[in-house]
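Residue-level structural notes
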Amino acid sequence: MDRPRARRPRARRPGRARLGLLAAVPALGLCAVAAWALGRDDGAPRAHAAAAGEMGSCEELSPAARRGKQIYQRGATEDGRPIEGAIVGGAAALSGREAACAGCHGPSGQGTTEGGVTAPPLAAERRLASSGERGGGAGQGRRPDEGAMSAAALVTAIREGRGPAGQWLSPVMPRYRLEEADLSDLVEYLGCVGRDLDPGVTAGSVALGAALPLTGPDAPVGAAARDVLMAAFADVNAQGGIYRRRIELRVEDSAGPSGEAGATARLLDRGVLALVGSAFDGDPALRARLSEERAALVGPLALAGAPGLPGGAAAPGLADGAPAAAAPGLASGAPAAAAPGLAGDAPRRARDVAGGGAAGADDLVFQVLPGPDVLARVAVKHLAGAPANAASLALVVHTRDRAGEAWASGARAEAAHRDLPAPPALSFEPGRLSPRDVAGAVRAHGARAVLFWGPGADLASARAALDDVGSAAPIYASLGSLAGSAGAPSRGLAGRVLFLYPGSLGERERASEDALHAFLRRAGVAPGPLWVQASAYVAAQIAIEALKRAGAHATREGLIAALEQLRDFDAGPAPPVTFARNRRTGVLGASVFRMDPASDAPAPVRASVWIEVVP
């Protein structure tokens, strides 16, 4: 995870760690003391012994151990109460996930070292080995005169930071407010940490899930994604799997009456470690279910071509069969809609999907490419570098839906970041943009640029409105705005519109596209929509890498932590991907380009270098 390194406290804000060193080891006192106490008193809560022969006893946790696992992993009790603590003198306060044992000792109790501070291992066999204990039972190998630590003394150590003899414990150990029942649950789980099995995990396999349309009009899309996911995992399995575990793919039909939410629920009920390449339309309720289950969704597939994915029916912004030269980096002669690495909105179905550059740690949807909010921020940043800082006089025109609101929100956020006034906005129903309204707003606000989000037909209306008032203001739009338009963009749009493109360009895109084609041929995957195949391939590669980094003890929390530690990871037909604790979009930037109206078939001309925005 991204945990801050040691530094002096700045402002004192309740509920957050102020010292990097302390934030790096918030659970050191709670869990280290609890682990030390496991064998020191027959009256204290006792966990299972660590003998290898008792592995089976941890595969199915007791109710108490399950409650303790929530405290260990999430810093919260079963009924949602956050675990709280504070450093001596109130130098730092910890609450909830900041206080979770896993934040320091690792999701599997493997122990960590950061900022010069070591959080010892808590997995039973490692703890016994590091302490010099031998045999299967806790407490063996200790002298009888070492004394016992009663349950009450343990609570005193955790709450007050004092040991059995009244001595102060580690100065960085938080003083926790933890009830006796919660402590008992935690100690029960500590006997199994590192040996329990999360959903979808067995000794020889790990199951991942995908909710995909297998029936109905989108069935070819679902089949294409499924085939690539299966081929990518089969490739890993042929090399021995990951830590000797085979990857199994479980698929449920998302085209049924219960939709993506129902298909996802069935997968979670069947038991999967995570979801990979699943169809996802941005449903907040589904996000909440994933957060509740602590099940990550890696590389979601948006059937409407929504931002956040490599591709989408709307991604390149051109109709199927449009000249490839109309979009950057496409293979010669390939339909533009097949290009990987693009993002955009789709008019063919009214599905609202909003991306996001920064997200809390409870958001478990790990997108690849940016959503409308990030693309709008790129547009504002590009405008801010123009003469006279045109960003201060931009008009935001957007559809009246979730994606359009995200576009407007992103523009406001970037303007605020640059100490600029919030840009005025004009919203409209898709397909019903009035050129008169646009012209009136441009005149009223003296707009020097228009930031547009919506379908291609409405983009043409916005361009006509600017002509009517004699404005030469540029229009910024996602390349996906042209999806579904008949043929290539008009010369008027080609000359006026600056398109935002979050995919790879040039030699890198050609190389990654060639590599994808080679993989598909080698794996025997039937031809299909290339944007779907690219999306599934990227999702699979990210999931595979995260499983490798998560370690031999595969857990949902470990996978999430591994995803949050990905930095500039090359997943194939997409720019390098980076996630973090509060970053759930792998690519936070885009290029700006325009179509050359002088060419016979509008050709892309770069108008900027790659523009990155901060989370």
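Residues numbered from 1 in each chain as written. Predicted model: local features only at pLDDT ≥ 70, side-chain atom pairs only at ≥ 80, totals over all residues. Heavy atoms only, no water.

We now examine unusual backbone geometry. Residue Tyr243 is not a glycine yet carries a positive backbone phi of 50°. Of note, Tyr243 is situated in the loop between helix H9 (219-238) and strand S7 (246-253). One non-glycine residue, Arg244, lies in the positive phi region at around 65°. Relative to the helices and strands, Arg244 resides in the loop between H9 and S7. (Helix = DSSP H or I, 4+ residues; strand = E, 2+ residues; numbered from the N terminus.)

In this section: the confidence of the model for the protein chain. Of the residues in the protein chain, 71% reach a pLDDT of 70 or more, and the chain-wide mean stands at 76. Here residues 127-149 is a poorly scored stretch, pLDDT under 50, and it has 40 contacts once near neighbours within four places are set aside; other chains count. When the criterion is pLDDT under 50, residues 305-355 qualifies, and its contacts beyond four places in sequence or with other chains add up to 175 contacts. (pLDDT = per-residue confidence, 0-100. Contact = heavy atoms within 4.5 Å.)

Within helix H19 (residues 556-564), nine of the nine residues are buried, which leaves the element mostly enclosed by the surrounding structure. Restricting attention to buried positions, one finds in H19 the residues Arg556, Glu557, Gly558, Leu559, Ile560, Ala561, Ala562, Leu563 and Glu564. (Buried < 20%, exposed > 50% of the residue type's maximum accessible area, 1.4 Å probe, protein only.)

Once that is clear, we can look at the sheet that holds strand S10 (residues 365-366). Taken in spatial order, the five strands line up as S7-S6-S8-S9-S10 in an open sheet, and their pairing is parallel. A single partner strand is all that each edge strand has here, and the edge strands are S7 and S10. Set on the sheet, helix H10 (residues 259-270) makes contact with strand S6 (205-212), S7 and strand S8 (274-276); between it and S7 the angle comes to about 140°. (Pairing = 2+ DSSP bridges. Axes fitted to C-alpha atoms, helices over the stretch in contact; angles between N-to-C directions.)

Inspection of every chain in the model, using the stated rule, returns seven aromatic pairs. Ring centres of Trp407 and Trp453 lie 5.3 Å apart, and the angle between their planes is 40°; on these two criteria the pair is classed as tilted. You can see Trp407 sitting in helix H13 (residues 402-417) and its partner Trp453 sitting in strand S13 (residues 449-453), a full 46 residues away along the chain. Judged by relative accessible area, which is 0%, Trp453 ranks as buried. Among the aromatic residues, those joined into a cluster by ring pairs are Phe499, Tyr501 and Phe593. (Phe/Tyr/Trp six-rings, centres within 6.5 Å; stacked < 30°, edge-to-face > 60°.)

Scanning all chains against the criterion turns up 22 salt bridges. Two residues, Asp467 and Arg463, come together in a salt bridge whose shortest N-O distance is 2.4 Å. With Asp467 and Arg463 both in helix H15 (residues 456-468), this residue pair falls four residues apart, about one helical turn. The network of salt bridges with common partners includes Asp269, Arg289, Glu293 and Arg556. (Salt bridge = Lys/Arg side-chain N within 4 Å of Asp/Glu carboxyl O.)

A separate point is the packing of helix H18 (residues 530-550) against H19. Relative orientation of the contacting elements H18 and H19 amounts to 110°, with a least axis distance of 8 Å. Considering the angle they form, H18 stands roughly perpendicular to H19. As for the relative orientation of H18 and H19, their crossing is right-handed in sense. Side by side, H18 and H19 meet where Ile542, Ala546, Leu547, Arg549 and Ala550 of the first sit next to Gly558, Leu559, Ala562 and Leu563 of the second. Among the residues forming the contact of H18 with H19, the class breakdown is seven nonpolar, one polar and one charged. (Parallel < 35°, antiparallel > 145°, perpendicular 65-115°, else oblique. Left-handed = near helix turned anticlockwise from the far one by under 90°. Nonpolar A, V, L, I, M, F, W, Y, C, P; charged D, E, K, R; others polar.)

Attention now moves to the state of the cysteines. In total, this model carries one disulfide according to the counting rule given. Here Cys58 connects covalently by a disulfide to Cys192, the sulfurs 2.1 Å from one another. A torsion of -75° about the S-S bond marks the disulfide between Cys58 and Cys192 as left-handed. With Cys58 in helix H3 (residues 55-59) and Cys192 in the loop between helix H8 (180-190) and S6, this pair connects stretches of sequence that are 134 residues apart. Neither residue differs from the other here; Cys58 and Cys192 are each classed as buried. (Disulfide = S-S within 2.5 Å.)

Attention now goes to the sheet that holds strand S1 (residues 84-86). One open sheet holds the three strands; their spatial order is S2-S1-S5, and the pairing between them is antiparallel. Only two strands of the sheet have a single neighbouring strand rather than two, namely strand S2 (93-95) and strand S5 (175-177). Direction aside, neighbouring strands of the sheet carry axes that sit 20° apart on average. Note that S1 and S2 share three bridges and pair antiparallel. Its bridge partner being in S2, Ala86 is matched across the sheet by Ala93.

The geometry of helix H4 (residues 63-74) relative to H8 is characterised by a closest axis approach of 7 Å and an angle of 95° between their N-to-C directions. Considered as vectors, H4 and H8 are oriented roughly perpendicular to each other. Between H4 and H8, the residues in contact are Ala64, Ala65, Arg67, Gly68, Lys69, Ile71, Tyr72 and Gln73 and Asp182, Asp185, Leu186, Glu188, Tyr189 and Leu190, respectively.

Below, the discussion takes up the side chain of Asp458. Tracing the sequence through the fold places Asp458 in helix H15. Of note is the side chain of Asp458, whose polar atom sits 3.3 Å from the backbone nitrogen of Leu433. Sequence-distant contacts of Asp458, that is, excluding residues within four places in its chain, are made with Phe428, Pro430, Gly431, Arg432, Leu433 and Phe452. (Polar contact = N/O pair within 3.5 Å; in protein donor to acceptor, adjacent residues only side chain to side chain.)

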